[in-house]
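Secondary and tertiary structure notes
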Amino acid sequence: MRRLLPGAVVVALTMGGCAATAAPPPPAFNATDVAWLQLVVPMTEHALAAARLAPDHASSAAVRSAAAAVVPAQEGLLARLKAARDRAGLPAADIHSGHKMPGMVTEADLVALRTGRGAEFDGRWVALLRAHAAQVVVLARGEQASGADAETKRLAGEVGAEGAREEKRLTKTT
């Protein structure tokens, strides 16, 4: 039995069920690079939106402290991810909007976080951000293994490393 390459897993995870068709990637980018960017940009946007809610909704000092570290790190990565997406010539549209995917903070999750307070918020927030962090680590490995664009692969390494740091940081909040 053949094993799936990590990049094939990234493509399968990101393209399964998507009705949108994409133009061929620019020469330096392959399908894995494109799929990774099309998924990780909105994942990071949604996780950042969730992280920004913690100062006003969390009851735990540990959650507020984790958010204080997560927000600037995610803002910096998001700017670089968007620049890579633009360099690849990809549209800014979220082709995964409305999809329930591992590690994706959904609009429904954000609504629940916006209305939650205290311990309820803290538990939901930590679970969502930990799932996000764990999934970006997996996706980053796939991009590094099967992507073609060297700069995007380096960025994936940084995204994965930050995801691992966040996962460790968030584990300490429980």
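Residues numbered from 1 in each chain as written. Predicted model: local features only at pLDDT ≥ 70, side-chain atom pairs only at ≥ 80, totals over all residues. Heavy atoms only, no water.

Taken as a whole, this structure holds 10 salt bridges when the rule is applied. Here Glu-75 and Arg-52 are joined by a salt bridge, their closest N and O atoms 2.8 Å apart. Here the residue Glu-75 occupies a position in helix α4 (residues 61-87), and Arg-52 occupies one in the loop between α2 (31-51) and α3 (54-57), the gap between them amounting to 23 residues. Judged by its relative accessible area of 36%, Glu-75 falls in the partly exposed class. Its relative accessible area of 46% is what places Arg-52 among the partly exposed residues. A salt bridge links Arg-114 to Glu-107; its shortest N-O distance comes to 3.2 Å. You can call Glu-107 partly exposed: its relative accessible area is 49%. One salt-bridge network, held together by shared partners, links Arg-87, Asp-149 and Glu-151. (Salt bridge = Lys/Arg side-chain N within 4 Å of Asp/Glu carboxyl O. Helix = DSSP H or I, 4+ residues; strand = E, 2+ residues; numbered from the N terminus. Buried < 20%, exposed > 50% of the residue type's maximum accessible area, 1.4 Å probe, protein only.)

Moving on, we get to α2. Structurally, the α-helix is built with 3.6 residues per turn, so residues lying three or four positions apart point the same way. The end-to-end C-alpha separation of α2 is 30 Å, in line with the 30 Å expected for 21 residues at 1.5 Å each. Counting buried positions along α2 yields 17 of 21 residues, so the element is predominantly enclosed. Where α2 starts, the residue carrying a side-chain oxygen 3.0 Å from the main-chain nitrogen of Thr-32 turns out to be Asn-30. (Expected span 1.5 Å × (residues − 1). Polar contact = N/O pair within 3.5 Å; in protein donor to acceptor, adjacent residues only side chain to side chain.)

Looking now at the nonpolar core. Trp-36, Leu-37, Leu-81, Leu-113, Trp-125, Leu-129 and Val-159 are the most contacted members of the largest nonpolar core, which has 43 residues in total. A per-element tally of this core places α2 first, with 11 residues. Apart from residues lying up to four places away in sequence, Leu-129 is in contact with Ala-47, Ala-50, Val-70 and Leu-170. (Core = buried A, V, L, I, M, F, W, Y, C linked by side-chain atoms within 4.5 Å. Contact = heavy atoms within 4.5 Å.)

Now for the confidence of the model for the protein. A residue-level look at the protein finds 84% of positions with pLDDT of 70 or above and a mean pLDDT of 88. Element-level mean pLDDT values for the protein span from 43 in helix α1 (residues 6-15) up to 97 in helix α6 (residues 118-146). Note that residues 1-20 has pLDDT below 50 and, in this model, 31 contacts with residues that lie over four places away or in other chains. (pLDDT = per-residue confidence, 0-100.)

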